[in-house]
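The residues making up each chain are set out below.
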Amino acid sequence: MALNIKQGSTSHSAYDLRDPNAQIEERHTLAVLVENEPGVLARVIGLFSGRGYNIDSLTVAETDHEGHRSRITIVTRGTPSVIVQIKAQLGRIVPVHEVHDLTTEGPSVERELGLFKVSGTGDHRVEALRIAEIFRANVVDSTLKSFVFEITGTPEKLDAFAELMRPLGLSDQARTGVAALARGA
Amino acid sequence: MSRKMTGARMIVEALRDQGVDTVFGYPGGAVLPIYDELFQQNDIQHILVRHEQGAVHMAEGYARSTGKPGVVLVTSGPGATNAVTGMTDALLDSIPLVVLSGQVPTFLVGTDGFQEADTVGITRPCTKHNWLVKDTSKLSATIHQAFNVATSGRPGPVLVDIPKDVQFAEAEYVGPKQVDTTNYQPRRKGDPDAITRLVELMEQAERPIFYTGGGVINSGAGASQLLREIVDATGFPVTSTLMGLGAYPASGRNWLGMLGMHGMYEANLAMHGCDLMIAVGARFDDRITGRVADFSPDSIKAQIDIDPSSINKIVHVELPIQGDVGHVLEDMLKIWKSRGRKTNSEAVRKWWSQIEQWREVKCLAYTNSDTIIKPQHALERLEALTKGRDRYIATEVGQHQMWAAQFLHFEDPNRWMTSGGLGTMGYGLPASVGVQVAHPDALVINVAGDASWLMNMQEMGTAVQFRAPVKQFILNNERLGMVRQWQQLLHGERYSQSWSDSLPDFVKLAEAFGCKGRQVSDPAELDDAIQEMIDYDGPFILDVLVEKHENCFPMIPSGKPHNEMLLSPEAEAFTGGGALV
Ligand SMILES: Cc1cc2nc3c(=O)[nH]c(=O)nc-3n(C[C@H](O)[C@H](O)[C@H](O)COP(=O)(O)OP(=O)(O)OC[C@H]3O[C@@H](n4cnc5c(N)ncnc54)[C@H](O)[C@@H]3O)c2cc1C
Ligand SMILES: Cc1ncc(C[n+]2csc(CCOP(=O)(O)OP(=O)(O)O)c2C)c(N)n1
């Protein structure tokens, strides 16, 4: 008789529900709430580089001045077991208070802000403005030969915008990386 | 009552309040105020080492043999960088250490000041946590928090970097009870549902095995006691990693011996063939798993570990239980008893008879000689001549380390000090000194290889100065034996740089340090030499000239599965020389 164990039969059942050997990389957005002390960002980044994990984007800012808390939002990629390991390793860092996986813990919203400089004249310039309008991008700087557009949205929306602007003279861009929150109360 | 004092005095005060009796260290400009305070008190002894790496390994030996954190004090720059190897060693082996380093004054930080190094930056990846204290008013609380972090949850080394002006300035001292450590409190109790699930599996298992590790030792003496109780009550076989030796006694009925790359044939095959593996404070290191895809293919695996990052890291486990070994075993035993102490005893009996067959292979068999000392024989004699004594063993790294793990038997936890995770040559001598400082009357032996021993031999001076009668048992094969073995077996016998040329005369070296030495090469004199070493009232170096080309078996080459183990020709004879299993 072989021993059997029910799937998802422990409080750590999240581990058991997915194929542990799956080799498919998933994209996860993690919210890491940390003590705002010197070096904390270096610890988080050092963990990713030291253990060879990917960072697609990373944003950080203080969110509670009184409580000395900052929030780091990390978009990472890895197989399911690597993602579990990344969360466990983050949780080990002493000034890390909470680690949330916004990708698995229910619906969430993600936004990124981007600044895009498009240089050009004539038709290209008109077309750039028209597309910007469709994407609800704002013009935050303009000269006779260039615009700087500001746009907020999901990373995919920003990617799409950049793609369309490229043939129209996209010459520079700056993006903040993803900020994300769980939906609902 | 105001307790205003300088930062330097605060440090000594905080150490005293933390119950520290010994500091291992080395002075320098950036810690002179602290040394000045140490000079003016008598509660804390300072062991002056010869190199800061030695201080850290001594503190590791002290910590592993007592269960208390080891404390190290070093100066800025080179003092701190010399301590890096030791801290990395302690991090990988989960040894609690508090390292205090001096730093250039705050107003010089970042200016490439004299003996300035970015100590907090350099040691971030090799400590569990570290702090740079810029304000004396935060110093005592930080030190108390450092002790808390080093010792709670999965233990590890921490470092507090203290600029010199912070040591001079005055502030209010804060005692350990006034410090809020609630923001770092890892969970200790396991999930009762999961423990019950494990007990259910234990009741049904046909081929169960306990796979125990260093976490049992980390959890304290109570955990080893509980492990013994549960193993003996269930009758399940038990094996251990290198780091867990002594948690279950080697004389115990259910003991299979160490598992892994150089582990026992029966232990590895039992791991391979089990249907329920209960990992207790063990982290599925690659020296254990071999090729992961073939690791124990037919078992359900449960893992008790206090660190979630150890769970499901290498091997997928079906039943993870996050918690402290002692707490979880206590609950496990309670639940198992309350459900009627059931096991599938018929099947387990069959399992044992299978294991007994594997045992017949006698995997540690070797051919003895009466003209040359075999290293295995030297250890068997050491075991025989020290049996029954409360004996502490440290090792260096290499073949001798593995033979020590195979041929010496440990009855209690905290008696075995070895560098497992980092495999740091040069660990053993200083570790033995640290153990001896903590246990002045005990018999403390460092089983060494010639090459490893040289790496921190300067610490012999420390042993002599502090009258630490450590015994250095050097299995001298004039080779970097472990490297030579790999080259023989895996690199076409091309012995690139793996011999020890120009070795010192260890007997003269002992005399030069002011202690005693003896060389032995005749098997007939071995016992007498070992006895002289044991009886000598002081540090002793025994240079045992052993067979130069002996290999350490069994051996599972890296990346191979457990059932593709290499055996010695002597053991091979028992299996008929064919494939195994
Ligand atoms: C030359 C050489 C050869 C080696 N060959 C072998 C070999 O053949 N066999 C072998 O076993 N090893 C061998 N090793 C050692 C090996 O590299 C690892 O160090 C060792 O296997 C790890 O032991 P462990 O799994 O017990 O983990 P440890 O490193 O001791 O880790 C302890 C685990 O327990 C957890 N833990 C800590 N405290 C608690 C607590 N209170 N409660 C619950 N969990 C806790 C930790 O989170 C961690 O996961 C060799 C080393 C060298 C240098
Ligand atoms: C600091 C360090 N450098 C290199 C190694 C690689 N290494 C592992 S074992 C070994 C040889 C050890 O020789 P010795 O101490 O004489 O012991 P033996 O194997 O001969 O028993 C070496 C070089 C190591 N583990 N540590």
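What counts and what doesn't
Residues numbered from 1 in each chain as written. Chains lettered and ligands numbered in written order. Predicted model: local features only at pLDDT ≥ 70, side-chain atom pairs only at ≥ 80, totals over all residues. Heavy atoms only, no water. UniProt positions renumbered as here; feature names shortened; annotations may be inferred. Salt bridge = Lys/Arg side-chain N within 4 Å of Asp/Glu carboxyl O. Helix = DSSP H or I, 4+ residues; strand = E, 2+ residues; numbered from the N terminus. Buried < 20%, exposed > 50% of the residue type's maximum accessible area, 1.4 Å probe, protein only. Domains from an automatic or database assignment. Contact = heavy atoms within 4.5 Å. Buried area = accessible area lost by both parts, 1.4 Å probe. Pairing = 2+ DSSP bridges. Axes fitted to C-alpha atoms, helices over the stretch in contact; angles between N-to-C directions. Parallel < 35°, antiparallel > 145°, perpendicular 65-115°, else oblique. Left-handed = near helix turned anticlockwise from the far one by under 90°. Nonpolar A, V, L, I, M, F, W, Y, C, P; charged D, E, K, R; others polar. 1 Å grid on protein atoms, 1.4 Å probe; cavity = no way out; pocket = protein on both sides within 12 Å on 5 of 7 lines; lining within 4 Å. Points joined across faces, edges and corners; volume = space filled by probe spheres on them. Near = heavy atom within 4 Å. Polar contact = N/O pair within 3.5 Å; in protein donor to acceptor, adjacent residues only side chain to side chain. Areas by Shrake-Rupley, 256 points an atom, 1.4 Å probe, with all protein chains shown as cover. Phe/Tyr/Trp six-rings, centres within 6.5 Å; stacked < 30°, edge-to-face > 60°. Lys NZ or Arg CZ within 6 Å of the ring centre and 35° of its normal.

As recorded in an unreviewed UniProt entry, chain B goes by Acetolactate synthase and comes from Paracoccus aurantiacus. Recorded in UniProt for chain B, the comment headed Sequence similarities (unreviewed entry) runs: "Belongs to the TPP enzyme family." Chain B has a UniProt comment under Catalytic activity (unreviewed entry) that states "2 pyruvate + H(+) = (2S)-2-acetolactate + CO2".

## Notes on the pattern of salt bridges
Residues and elements named next belong to chain A. Tallied over the full model, the rule gives 35 salt bridges over all chains. Among the ionic pairs, Arg175 bridges to Asp159, the shortest N-O distance being 2.7 Å. Within this pair, whereas Arg175 is found in strand β8 (residues 170-175), its partner Asp159 is found in helix α5 (residues 155-165), the two being separated by 16 residues in sequence. Residue classification places Arg175 among the partly exposed positions, given a relative accessible area of 31%. Looking at Asp159, the relative accessible area reads 39%, which means it is partly exposed.

## A short note on the UniProt feature "domain: Thiamine pyrophosphate enzyme central" (unreviewed entry) in chain B
With numbering aligned to this structure, UniProt lists the feature "domain: Thiamine pyrophosphate enzyme central" (unreviewed entry) at residues 195-331 of chain B. Taken end to end, residues 195-331 of chain B is 36% helix and 20% strand, and its first and last C-alpha atoms sit 7 Å apart.

## Overview of the domain arrangement of chain B
Residue and element names in this part refer to chain B. In terms of domain boundaries, chain B breaks down into domain 1 (4-178), domain 2 (192-359) and domain 3 (375-545). Placing the centre of domain 1 and that of domain 2 at their C-alpha centroids yields a distance of 37 Å. Every contact between the two is made by seven residues of domain 1 and, on the other side, eight residues of domain 2. Interface area for domain 1 against domain 2, summed over the two sides, is near 680 Å², with a carbon-plus-sulfur share of 46%. On the domain 1 side of the interface with domain 2, the three residues burying the most area are Arg64, Asp93 and Arg154, jointly 70% of the side's total. If you look at where domain 1 meets domain 2, you find one salt bridge. Arg154 is the partner of Asp307 in a salt bridge, and the nearest nitrogen-oxygen pair spans 3.0 Å.

## Concerning the sheet that holds strand β11 (residues 255-258) of chain B
All names here are of chain B. The six strands are arranged β11-β10-β9-β12-β13-β14 in an open sheet whose pairing can be described as parallel. In the strand order of this sheet, the two ends are held by β11 and β14 (319-322), each with one partner. In this sheet, neighbouring strand axes are inclined to one another by 15° on average, regardless of whether the strands run parallel or antiparallel. Relative to strand β10 (residues 238-240), strand β9 (residues 208-212) runs parallel, the two sharing three bridges. Across the sheet, the residue bridging to Phe210 is Val238, located in β10. Docked against the sheet, helix α12 (residues 265-273) engages β9, β10, β11 and β12 (276-280), running at close to 105° with respect to β11. Sheet strands touched by helix α15 (residues 345-359): β9 and β11. Its angle to β11, the strand with the most contacts, is close to 45°.

## Points about the packing of helix α1 (residues 7-17) of chain B against helix α2 (residues 32-39) of chain B
All names here are of chain B. Between α1 and α2, the least distance of the axes is 8 Å, while the angle of their chain directions is 55°. By the angle between their directions, the pair α1 and α2 is classed as oblique. As α1 runs across α2, the sense of the crossing is right-handed. Two secondary-structure elements touch here, α1 through Ala8, Arg9, Ile11 and Val12 and α2 through Pro33, Ile34, Glu37 and Leu38. Taken together, the residues of the contact of α1 with α2 break down into six nonpolar, no polar and two charged.

## Quick look at empty space enclosed by the protein
Residue and element names in this part refer to chain B. Summed over all chains, the structure comprises two cavities of 30 Å³ or more. Estimated volume of the largest cavity: approximately 50 Å³. Lining the largest cavity, in full, are Gly260, Met261, Asp286, Arg287, Ile288, Gly290, Ile556, Pro557, Ser558, Gly559 and His562. Broken down by class, the residue content of the lining of the largest cavity amounts to four nonpolar, five polar and two charged. Of the volumes computed, that of the second largest cavity is approximately 30 Å³.

## Topic: the site of ligand 2
Residues and elements named next belong to chain B. Around ligand 2 sit 17 residues in total, of which Gln399, His400, Gly423, Ser452 and Gly481 are the nearest. Asp450 has a polar backbone atom sitting 3.4 Å from an oxygen atom of ligand 2. About the coverage of ligand 2: the protein hides 76% of its 590 Å² of free accessible area. For the shell around ligand 2, the elements supplying multiple residues, two or more each, are α17 (399-407), α19 (450-455) and α21 (481-490). The dominant element in the shell around ligand 2, judged by the number of residues it contributes, is α19, at four residues. Within the shell around ligand 2, the residues separate by chemical class into seven nonpolar, eight polar and two charged.

## Considerations on the packing of aromatic side chains
Under the defined criterion, the tally for this structure stands at 15 aromatic pairs over all chains. These aromatic residues form a ring-pair network of at least three members: A:Phe116, A:Phe135, A:Phe147, A:Phe149 and A:Phe161. Above the plane of the ring of A:Phe147 lies A:Arg125, whose end atom (NZ or CZ) is 4.3 Å from the centre. Cation over ring: B:Arg391 sits above B:Phe410, and NZ or CZ is 5.4 Å from the ring centre.

## Observations concerning the site of ligand 1
All names here are of chain B. Inspection of the region around ligand 1 gives 37 residues, with Gly214, Thr241, Arg283, Asp305 and Ser310 positioned closest. Here an oxygen atom of ligand 1 and a side-chain polar atom of Arg154 are 3.4 Å apart. Contributions of two or more residues to the shell around ligand 1 are made by α10 (214-219), α13 (286-289) and α17. The biggest single contributor to the shell around ligand 1 is α10, with four residues. Split into classes, the residues belonging to the shell around ligand 1 amount to 13 nonpolar, 17 polar and seven charged.

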